[in-house]
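Descriptive structure summary
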Amino acid sequence: MNKADVISRVLGDKHKILPRNPTGKAFAPSNIALCKYWGKRNQELNLPVTSSLSISLGNKGTDTDIAICSDGFDHVIVNDQIIQPDSTFGKRLQHFLDLFRAAPDLFFKINVKTNIPIGAGLASSASGFASLVQSLNALFGWELSANQLSILSRLGSGSAARSIWQGFVEWHVGLHANGMDSHGESIATQWPEVCVGLVIVSDTEKKISSREAMQRTVATSPLYAAWPAKVAADLVLLKQAIQQQDFALLGKTAEWNALAMHATMLSAWPAVTYALPETVVMMEKIWRLRAEGLPVYFTQDAGPNLKLLFLGKDVGDIKKYFPQVEIIKPFYPLQRT
Ligand code: PMV
């Protein structure tokens, strides 16, 4: 089964219909995994080895505007910059769009605006593909369910399966080889006190893609065998923390999970590390502040930047100790500018 088969299955009769509307637009938030997705059981369909759990970032994410065009090629603009069709990103997008061309001469004009650094481990591809799929849904008038949108977004980037919802989201590993049961699900609990802080150590593009790093880790790391059991235990703890609003449990579980994921990468060959010296200095600072009584934790993805986890009551201290931090309150009503 390949991506095109999954799309036919999800869209059914709608697969070959031409767009019902001249344009479509959608926003999707970025998400930060508290229990990470690391390793694929199917490279083509981005099917994960384990489930994962994330928190979406409110108004931080990607807006996509899409329109039909008949110029014989797609136009893609990201943050006012034209994307060259032969660039790595241009090609990746092209392949994804090819899956949705209802006629050979159907091309798209896509205008993407994202308010998070691209490619620096801040989940820009997750919000990018989730907003692209939702804008296609609006353009074609498919009227897909959230689960179906999650499945199609996953085909672009695994973690995009979680960016269809705000708040806490679990992405179910699924049992089926076709991945029809591997999609996100919103966890209804609201927890307005929880804050996420973005501390940008570097916003340059990552040296190695998460796809390649995952593959290398699964293939060579002797520690990877322990990863699924760690995830299973952490998912239970995170759900308990969310249900009981136990912040110390949430923070500890998320931080430990991220460190365990990076340990699997460090033990791959050749080793993969996304940390820069500044990343490690910041970890030490967080551990010191915590020892002094400030409940702040971190998580790290496929990049050098750390995301802080803390409560609203500590915003003053967080700003004092991390003057460059950008604070996100995932559960506050979205303020779109
Ligand atoms: O969806 P991808 O291929 O960008 O991989 C995401 C990997 C991590 O961000 C490290 C973990 C996660 O669950 O988001």
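Okay, so let's go over this structure. As the structure is a prediction and not an experimental result, all values here were calculated from the model.

**Overview of the site of the ligand**
- Surveying the vicinity of the ligand reveals 14 residues, the closest of which are Y37, S157, S159, R162 and S210.
- Measuring from an oxygen atom of the ligand, one finds a side-chain N or O atom of R162 at 2.8 Å.
- Burial of the ligand by the protein amounts to 91% of the accessible area it has alone, namely 380 Å².

**Things to note about the sheet that holds strand 10 (residues 194-199)**
- The sheet built from 4 strands is open, its strands ordered 11-12-10-13 with antiparallel pairing. The open sheet has two edge strands, strand 11 (297-300) and strand 13 (326-328), and neither has a second partner. Here the strands of the sheet are splayed against their neighbours by 30° on average, with no regard to which way each runs.
- Docked against the sheet, helix 7 (residues 247-266) engages strand 11 and strand 12 (306-311), running at close to 35° with respect to strand 11.
- Against the sheet, helix 8 (residues 277-291) touches strand 10, strand 11 and strand 12, its axis set at about 155° to strand 11.

**Side note on the environment of E143**
- Summarising the element assignment, E143 is placed in the loop between helix 3 (124-140) and helix 4 (146-156).
- Residues E143 and L11, 132 residues apart in the sequence, show an inter-C-alpha distance of 9.7 Å.
- Look past the residues within four positions of E143 in its chain and what remains in contact with it is K14 and N137.

**Topic: the packing of helix 1 (residues 3-11) against helix 4**
- Contact geometry for helix 1 and helix 4: axes closest at 11 Å, N-to-C directions at 165°. When the axis of helix 1 is compared with that of helix 4, the two are roughly antiparallel. When the axes of helix 1 and helix 4 are compared, the crossing they make is left-handed. Contact residues: helix 1 offers K3, V6, I7 and V10, while helix 4 offers Q148, I151, L152 and L155.

**So, the packing of aromatic side chains**
- Applying the stated criterion to the full structure yields 11 aromatic pairs.
- Where F108 meets F140, the ring centres are 6.4 Å apart and the plane angle is 65°; that geometry is what we call edge-to-face. Taken together, the positions of F108 in strand 7 (residues 107-114) and F140 in helix 3 put the pair 32 residues apart, joining distant regions of the chain.
- Given a relative accessible area of 1%, F140 falls into the buried group.
- Ring centres of W287 and F298 lie 5.9 Å apart, and the angle between their planes is 55°; on these two criteria the pair is classed as tilted. Here W287, found in helix 8, pairs with F298, found in strand 11; they are 11 residues apart in sequence, far enough to count as distant.
- Look at W287 and you get partly exposed, because its relative accessible area is 31%.
- We classify F298 as buried; its relative accessible area is 1%.
- Aromatic ring contacts, followed pair by pair, group F96, F100, F108, F129, F140 and W142 into a single cluster.
- Directly above the aromatic system of W256 lies the positively charged group of K230, at a separation of 3.8 Å from the ring centroid.
- Seen from the ring of F322, K285 lies directly overhead, with NZ or CZ sitting 4.7 Å from the centre.

**Details of the environment of S54**
- The residue S54 is located in strand 4 (residues 52-69) in this model.
- Residue classification places S54 among the buried residues on the basis of a relative accessible area of 0%.
- S54 sits 235 residues away from L289 along the chain, and the two C-alpha atoms are 25 Å apart.

**Notes on helix 1**
- Residues of helix 1 that are buried include every one of K3, V6, I7, V10 and L11, and no others. Seen end-on, helix 1 carries its buried residues on one side only, within an arc spanning 120°.
- With a side-chain oxygen positioned 3.1 Å from the backbone nitrogen of A4, the residue opening helix 1 is N2.
- Positive phi appears at G12, one or two residues downstream of helix 1, with a value of about 55°.

What counts, and at which threshold
- Residues numbered from 1 in each chain as written.
- Predicted model: local features only at pLDDT ≥ 70, side-chain atom pairs only at ≥ 80, totals over all residues.
- Heavy atoms only, no water.
- Near = heavy atom within 4 Å.
- Polar contact = N/O pair within 3.5 Å; in protein donor to acceptor, adjacent residues only side chain to side chain.
- Areas by Shrake-Rupley, 256 points an atom, 1.4 Å probe, with all protein chains shown as cover.
- Pairing = 2+ DSSP bridges.
- Helix = DSSP H or I, 4+ residues; strand = E, 2+ residues; numbered from the N terminus.
- Axes fitted to C-alpha atoms, helices over the stretch in contact; angles between N-to-C directions.
- Contact = heavy atoms within 4.5 Å.
- Parallel < 35°, antiparallel > 145°, perpendicular 65-115°, else oblique.
- Left-handed = near helix turned anticlockwise from the far one by under 90°.
- Phe/Tyr/Trp six-rings, centres within 6.5 Å; stacked < 30°, edge-to-face > 60°.
- Buried < 20%, exposed > 50% of the residue type's maximum accessible area, 1.4 Å probe, protein only.
- Lys NZ or Arg CZ within 6 Å of the ring centre and 35° of its normal.
- Arc of directions from axis to C-beta.

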